[in-house]
Amino acid sequence: MQPKIMMKKKSVSASKASLVLFLCQMISALDVPLDSKLLEELSQPPTITQQSPKDYIVDPRENIVIQCEAKGKPPPSFSWTRNGTHFDIDKDAQVTMKPNSGTLVINIMNGGKAEAYEGVYQCTARNERGAAISNNIVIRPSRSPLWTKERLEPNHVREGDSLVLHCRPPVGLPPPIIFWMDNAFQRLPQSERVSQGLNGDLYFSNVQPEDTREDYICYARFNHTQTIQQKQPISVKVFSTKPVTERQPVLLTPTGSTSTKVELRGNVLLLECIAAGLPTPVIRWIKEGGELPANRTFFENFKKTLKIIDVSEADSGNYKCIARNILGSAHHVISVTVKAAPYWITAPRNLVLSPGEDGTLICRANGNPKPNISWLANGVPIAIAPEDPSRKVDGDTIIFSHVQERSSAVYQCNASNEYGYLLANAFVNVLAEPPRILTTTNKLYQVIADSPALLDCAYFGSPKPEIEWFKGVKGSILRGNEYIFHDNGTLEIPVAQKDSTGTYTCVARNELGKIQNEVHLEVKDPTMIIKQPEYKVIQRYGQVSFECIIKHDSTLLPTVIWLKDNDALPDDERFLVGKDNLTIMNVTDKDDGTYTCIVNTTLDSVSASAVLTVVAAPPTPAIIYARPNPPFDLELTGQLERSVELSWIPGDENNSPITNFVIEYEDGLHEPGVWHYQTEVPGTQTTVQLKLSPYVNYSFRVIAVNEIGRSQPSEPSEQYLTKSANPDENPSNVQGIGSEPDNLVITWESLKGFQSNGPGLQYKVSWRQKDVDDEWTSVIVANVSKYIVSGTPTFVPYEIKVQALNDLGYAPEPSEVIGHSGEDLPMVAPGNVQVHVINSTLAKVHWDPVPLKTVRGHLQGYKVYYWKVQSLSRRSRRHVEKKILTFRGNKTFGMLPGLEPYSSYKLNVRVVNGKGEGPASPDKVFKTPEGVPSSPSFLKITNPTLDSLTLEWGSPTHPNGILISYILKFQPINNTHELGPLVEIRIPANESSMILKNLNYSTRYKFYFNAQTSVGSGSQITEEAVTIMDEVQPLYPRIRNVTTAAAETYANISWEYEGPDHANFYVEYGVAGSKEDWKKEIVNGSRSFFVLKGLTPGTAYKVRVGAEGLFGFRSSEDVFETGPAMASRQVDIATQGWFIGLMCAVALLILILLIVCFIRRNKGGKYPVKEKEDAHADPEIQPMKEDDGTFGEYSDAEDHKPLKKGSRTPSDRTVKKEDSDDSLVDYGEGVNGQFNEDGSFIGQYSGKKEKEPAEGNESSEAPSPVNAMNSFV
């Protein structure tokens, strides 16, 4: 189908404004369907389909073939011009034209001279609708002249000096490829010091003694004629002088300080600088006033050559090469100008129009200098072509108005400047055709009810016909939502019903005629499974049946297929497939699985499945089943070169019939002791004809198989050695994959020993480059599985074949496989990288695919590297962590998820092949928009008063944008935990604290706090706090003055409590600085101290005291540290035997003393102990009266006053003085001597009465020597 443009009929004025309006009113082109019969009948102007290249260099030894192929209706005739004049091929016996073609064949091989046919050729293809012309084809024979003879004097050079060996190859067509070798045909090594220039000369930056040799030979290879010319050897002798003088760089080429270079757009720019100097200079390239183009710049020849591919006008400028060593530098500036041969912007396209329509041909090209546009009509300049009133030329546009059939023609657009030309043919084909319907007459369509029906009406006509559909012979035109009318004429019934069945008529009409076609629609009932197979459980060796009863349209023929586990049923006679069921006889465990019934018709398909579970059968009398005994008496008969007959006698079956015999063989020549599978036969057969391979020393053995298992192998048969022969087969799995950019590794799976068919197994490895007229290159290798071809171009296809051979001959001709030489890293980076930010965390990246020829390997995909540069809200950089996403295949876009909001990112794209990654595209910067922030880092509420609270907070860890404010919401909570009204306050973003006033006293509040950006609010943080009841004396319960006294592994915790009686206390503790949960210990009773046991020595702990119940409050935290671990465990002296004996003696002594005192008291005297007590009385330890709790003889009036605020009443009911600063710690004797393990104080005095009841834990106090003694006082 030819490309075309169709124009709506419009009047065209001479003004430019009217032309622009006209071009804006284009509609779709007249479409010619790809119907072979229609295309044969429609007239069409000629179109050139194939032609030789503009610059055509031919081999002077072969016939010259100048191609010119064209199509058209009627078929075009061909003619040629040579050097601008008619070329009469009938007058030249050496020139013929191929039948039904314009291709010329010039017979050179039978006496013709290629030089006689040099010139410019042009082909014209013509029929009654116009004439198309080819490009100007310049024919030149290739030339490979000999080297001119010259006398070459030896080069005597001082060590360290520079040297240039000139090649000066003969001028050939095309130019030869130059390389330097020695007499042994080995390439001369090159380096930064010694290298070959673009002109073929060999440059030495400085010579060394090892450069002395007499076989520097320059070779010129002329590829077109496949010839190599050799220059006479050049001798170089280096003589040494001591010391060697170092020299600063001097440029050997180019000479002078500046030079110029002109290159064409799209070509490869090569710039060269080679310098002399000692030490060897290093070359560096820069572009003045700019950067070297990324991804298109390459350095070759040890950076002496700058290579820029696909140059454009933007690459014009001054390029400087700098040669530098430790003594100085030299530079050269090359002024590069990029010109451009013409290239298309809009090439003209073929037009197919109806009579009376309008259209345009547009030809736009660019170049440097700007190309000149000229038009031809049927190969003749349009200025002298026959006039056409419907045609008007306006520069690069031809406007057609109200065309007629005689307006058909082929137009040529020529765009040319001093660097080349472009020529394009585009025809205008005016067709006046009555409607034609291409769909087959009376075509039958069948569909299932409730599915769509598509009725075709393919058509063609010029002007484009209008299509109408009717149902029935005399039906009305079809309209309405129940039908869809497609532009290609197809009628669609979205939901076909039974009443949709019938005959439909398609009518196509235009001003030249009308035609109709009938098609028929049949709507069928759907196929259904009315009784589906059901789940079955069956005992082993039983019988089971699955049903599958169907209902279908009577005119459709269904087929039923049964599957087991989505695969075909086993090939077993136990499976019986009936019309409506599947029966399995003698069920075994292997029959367990899912069975599916599939019903197919020509229009639809349905299926249903059921599971079969096989269980063990009831126990039966035990029968011993075993594997069969091995066969015996193996015999070989009828020995031939490729076959032998093996027979045997079966062993005992052991109550399980033998199902089959397995025959194995041993190759005593190649793999002695290794047995291979040969074949197997049914258990009723005891003889088998075996196929043999040549050059194998066979032995056979037989294994019997029954339901229980396999027998032991039989004894081996006698050996039989077959004769040698050619190999029957070639190696398999032949592959060609390069391991380096310049090689091709050919691998294959070697033949096994018996497959060699004879001694001396080798392989013939052959290869040639695909799609290149080249001969096969072959090599014969030993019995290996790999061969490496070196010096190949990078990643080009090769045809490969590997053929086996032995001492008797070759295997059959092997099949060819396609391989590729080694891959290299891709040359260029993807271009036109674009990023579309979708939201704050997601972006989409697009890129243009790289040209496949630059991939230099199998395209595996693209990698996108992206990383965060900085957060836009904080302006702080961090460690760059690059992320990589890989997109397989030739994808040109991908999604970047998981981005951070309000951040700056960079990315680049790289193409990936089997070798690795190509260069990265220039970094693309993009930014993500703002998002909602994270929650504030903390919210702390302090300084409670009667009506205010102080709030402090930290900014969000991730602001994700610019904070505009904070939102504070709070509401009161009553004693039943019900929430009150919610109050909301907006706080400026630069604040970090506030005092919330006008609150209710003694009220608990719940606070909700979050940050906000322009996008919205982030997640919130919550906290609760309570205002106090009375600033002077708060009535609300509280715990204060928490004190700790710690020993090595335990600590005594005491506190002061203010509030209602009967509070239930608990102690919470944990390691200071740890994030672990608090450990909780319940305090028995209402005492105000507690002992924490099991602590770790030398560890800092945090502790707090709380009260449970209605109020639920805690004290502030306190921190204490346990004592260091002792070297040895302290022994409790009270439990030692010697101490107990000592105490008994002391007690006996005191008892005697008391008796003496008692006797003396009866006489009226005082004993010394009483005198001491009277002298040192302490009111804090005096006994209280039992009736009112007041002090005895030492009490006074002040003792009856109420306790002041902050006073405590200990559980032993002794009262501490208000102004006393003493504490339990004041009486301690160090860490290990302050308390007993239960927390009771070891004091010097005991102020208890003998009859005073013990409270709390005091009844369990451990006795001490002091208390024991005091109890006797």
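Residues numbered from 1 in each chain as written. Predicted model: local features only at pLDDT ≥ 70, side-chain atom pairs only at ≥ 80, totals over all residues. Heavy atoms only, no water.

Enquirer: Could you clarify how one ought to interpret the overall build of the chain in this entry?
Expert: The helix and strand tally for the chain stands at six helices and 95 strands. For the chain, the residues scored as buried account for 39% of the 1273 residues in total. A separation threshold of at least 6 residues defines the contact pool for the chain, and within that pool the share at least 24 residues apart is 64%. (Helix = DSSP H or I, 4+ residues; strand = E, 2+ residues; numbered from the N terminus. Buried < 20%, exposed > 50% of the residue type's maximum accessible area, 1.4 Å probe, protein only. Contact = heavy atoms within 4.5 Å.)

Enquirer: Please explain a negative patch on the surface as it appears in this structure.
Expert: Together, Glu62, Asp773, Asp774 and Glu775 give the surface a local cluster of negative charge. Topologically, Asp774 is positioned in the loop between β68 (762-769) and β69 (777-781). Judged by relative accessible area, which is 38%, Asp774 ranks as partly exposed. (Patch = residues over 30% accessible without salt bridge, like charges linked within 9 Å, V, L, I, M, F, W, Y side chains within 5 Å. Areas by Shrake-Rupley, 256 points an atom, 1.4 Å probe, with all protein chains shown as cover. Salt bridge = Lys/Arg side-chain N within 4 Å of Asp/Glu carboxyl O. Lys, Arg positive; Asp, Glu negative; His and termini not counted. Charge placed at Lys NZ, Arg CZ, Asp CG, Glu CD.)

Enquirer: What is the right way to read the side chain of Thr1099 from this model?
Expert: If you trace the backbone, Thr1099 turns up in the loop between β92 (1089-1092) and β93 (1100-1108). On the accessibility criterion, Thr1099 (16% relative accessible area) is buried. A polar side-chain atom of Thr1099 sits 3.3 Å from the main-chain carbonyl oxygen of Thr1096. If sequence neighbours within four positions are ignored, Thr1099 has contacts with Val1071, Phe1120, Glu1121 and Thr1122. (Polar contact = N/O pair within 3.5 Å; in protein donor to acceptor, adjacent residues only side chain to side chain.)

Enquirer: Sorry if this is basic, but what is going on with the side chain of Ser647 here?
Expert: With respect to the secondary-structure elements, Ser647 resides in strand β60 (residues 643-649). The residues touching Ser647, leaving out its near neighbours within four places in the chain, are Asp633, Leu634, Glu635, Thr686 and Thr687.

Enquirer: What am I meant to see in the environment of Ser52 here?
Expert: In this structure, Ser52 sits in the loop between β3 (44-51) and β4 (55-58). Taking the C-alpha atoms as reference points, Ser52 and Gln67, separated by 15 residues in sequence, lie 5.1 Å from one another. For Ser52, the side chain forms a polar contact with the main-chain nitrogen of Gln67, separated by 2.8 Å.

Enquirer: I'm lost on the state of the cysteines in this one. Help?
Expert: Disulfide: a covalent bond formed between the sulfur atoms of two cysteine residues. Taken as a whole and assessed by the stated rule, the structure comprises six disulfides. One disulfide bridge connects Cys68 with Cys123, the sulfur atoms lying 2.0 Å from each other. One disulfide, between Cys68 and Cys123, carries an S-S torsion of -70° and so falls in the left-handed class. Here Cys68, found in strand β6 (residues 68-73), pairs with Cys123, found in strand β11 (residues 119-127); they are 55 residues apart in sequence, far enough to count as distant. Note on accessibility: Cys68 and Cys123 belong to one class, buried. There is a disulfide in this structure between Cys548 and Cys597, and the S-S distance comes to 1.9 Å. Given an S-S torsion of about -70°, the disulfide between Cys548 and Cys597 has left-handed geometry. Placement of the pair is Cys548 in the loop between β51 (544-547) and β52 (549-551) and Cys597 in strand β57 (residues 593-600), with a sequence separation of 49 residues. Residue classification places Cys597 among the buried residues on the basis of a relative accessible area of 0%. Each bonded cysteine in the chain gets a number by its place in the sequence, and the pairs come out as 1-2, 3-4, 5-6, 7-8, 9-10, 11-12. (Disulfide = S-S within 2.5 Å.)

Enquirer: Please clarify how the sheet that holds strand β89 (residues 1051-1058) should be interpreted in this entry.
Expert: Reading across from one edge, β88-β89-β92 is the order of the three strands in this open sheet, with antiparallel pairing throughout. Two strands bound the open sheet, and with one partner strand each, they are β88 (1038-1046) and β92. In this sheet, adjacent strand axes meet at a mean angle of 20° when their direction is disregarded. With seven bridges joining them, β88 and β89 adopt antiparallel strand pairing. Following the sheet pairing, Ile1039 is matched in β89 by Tyr1057. (Pairing = 2+ DSSP bridges. Axes fitted to C-alpha atoms, helices over the stretch in contact; angles between N-to-C directions.)

Enquirer: Mind showing me how you'd approach the confidence of the model for the chain here?
Expert: Residues shown with low pLDDT carry predicted positions that ought not to be read at fine detail. Summing up the model confidence of the chain, the mean pLDDT is 83 and the portion of residues at 70 or higher is 85%. For residues 1-28, every residue scores under 50 in pLDDT, and the model assigns this stretch 68 contacts once sequence neighbours within four places are set aside. With pLDDT under 50 throughout, residues 1127-1131 is counted as low confidence; its partners more than four residues away or in other chains account for two contacts. (pLDDT = per-residue confidence, 0-100.)

Enquirer: So what exactly am I meant to see when it comes to the pairing of strand β47 (residues 502-510) here?
Expert: For a regular strand, side-chain orientation follows a simple rule: the groups alternate between the two sheet faces. Summarising the sheet, strand β44 (residues 466-471) and β47 pair through six bridges and their orientation is antiparallel. Bridging from a neighbouring strand, Trp469 pairs with Cys506 of β47. Between β47 and strand β48 (residues 513-524), which pair antiparallel in sequence order, lie two residues.

Enquirer: Any chance you could explain the pattern of salt bridges here in plain terms?
Expert: Close approach of charged atoms lets side chains of opposite charge pair. Overall, the coordinates contain 40 salt bridges when judged by the stated rule. With its nearest N and O atoms 2.9 Å apart, the salt bridge here joins Arg140 to Asp55. Of the two residues, Arg140 is situated in strand β13 (residues 137-141) and Asp55 in strand β4; the sequence distance between them amounts to 85 residues. Looking at Asp55, the relative accessible area reads 45%, which means it is partly exposed. Ionic pairing is found between Arg143 and Glu118, a salt bridge with its closest N-O pair at 2.9 Å. Within this pair, whereas Arg143 is found in the loop between β13 and β14 (155-158), its partner Glu118 is found in the loop between β10 (104-106) and β11, the two being separated by 25 residues in sequence. Three or more residues joined by partner-sharing salt bridges are found here, namely Arg158, Asp161 and Arg247.

Enquirer: Is there a simple way to explain the packing of aromatic side chains in this structure?
Expert: Each pair of aromatic rings is reported with the distance of its centres and the angle of its planes. Scanning all chains against the criterion turns up 24 aromatic pairs. Taking the centre distance of 5.4 Å and the plane angle of 25° together, the rings of Phe546 and Tyr595 count as stacked. You can see Phe546 sitting in strand β51 and its partner Tyr595 sitting in strand β57, a full 49 residues away along the chain. Like Phe546, the residue Tyr595 is buried in the burial classification. Connected via pairs of aromatic rings, a cluster forms that spans Phe179, Phe185 and Tyr219. We note Lys303 situated over the ring of Phe299; from NZ or CZ to the ring centre the distance is 5.7 Å. Taking the ring centre of Trp1078 as reference, the NZ or CZ of Arg1104 above it sits at 3.9 Å. (Phe/Tyr/Trp six-rings, centres within 6.5 Å; stacked < 30°, edge-to-face > 60°. Lys NZ or Arg CZ within 6 Å of the ring centre and 35° of its normal.)

Enquirer: I would appreciate a short explanation of the sheet that holds strand β82 (residues 949-956) in the present structure.
Expert: Within a beta sheet, neighbouring strands are joined by backbone hydrogen bonds and run either parallel or antiparallel to one another. Strand order in the open sheet formed by three strands is β81-β82-β85, with antiparallel pairing between adjacent strands. Whereas interior strands pair on both sides, the edge strands pair on one side only; in this sheet they are β81 (936-942) and β85 (993-996). Across the sheet, the mean angle from the axis of one strand to that of its neighbour is 20°, orientation sign disregarded. Direction of pairing for β82 relative to β85: antiparallel, over a ladder of four bridges. Across the sheet, Glu952 pairs through a bridge with Ser993, a residue of β85.

Enquirer: It is not clear to me how the pairing of strand β28 (residues 305-308) should be interpreted in this structure. Could you clarify?
Expert: The pairing of strand β24 (residues 269-272) with β28 spans four bridges and is antiparallel. Residue Leu271 lies in a different strand from β28, and its bridge partner there is Leu306. Pairing of strand β27 (residues 297-300) with β28 involves four bridges; the strand directions are antiparallel. If you follow Phe299 over to β28, its bridge partner there is Leu306. The turn joining β27 and β28, which pair antiparallel and follow one another in sequence, is formed by four residues; a positive phi near 55° is taken by Asn301.

Enquirer: Would you mind going over the environment of Gln229 with me for this structure?
Expert: Checked against the element boundaries, Gln229 lands in strand β20 (residues 227-230). As a C-alpha pair, Gln229 and Tyr219 span 10 residues in sequence and 5.7 Å in three-dimensional space. When sequence neighbours within four positions are dropped, the list of residues in contact with Gln229 reads Ser144, Pro145, Leu146, Trp147, Cys218, Tyr219, Ala220 and Phe222.

Enquirer: Sorry, what's going on with the nonpolar core here?
Expert: One recurring pattern in soluble globular proteins is that nonpolar side chains are buried together. Residues Ile64, Ile66, Trp80, Ile106 and Tyr121 are the most contacted members of the largest nonpolar core, which totals 29 residues. Listed by contribution, the elements that provide at least two residues to this core are β5 (64-66), β6, β7 (77-82), β10, β11 and β13. Ranked by residue count, the leading element in this core is β11, at three residues. What Ile64 contacts, discounting residues up to four positions off in sequence, is Val58, Leu104, Val105, Ile106, Ile108, Ala114, Tyr117 and Ile139. (Core = buried A, V, L, I, M, F, W, Y, C linked by side-chain atoms within 4.5 Å.)

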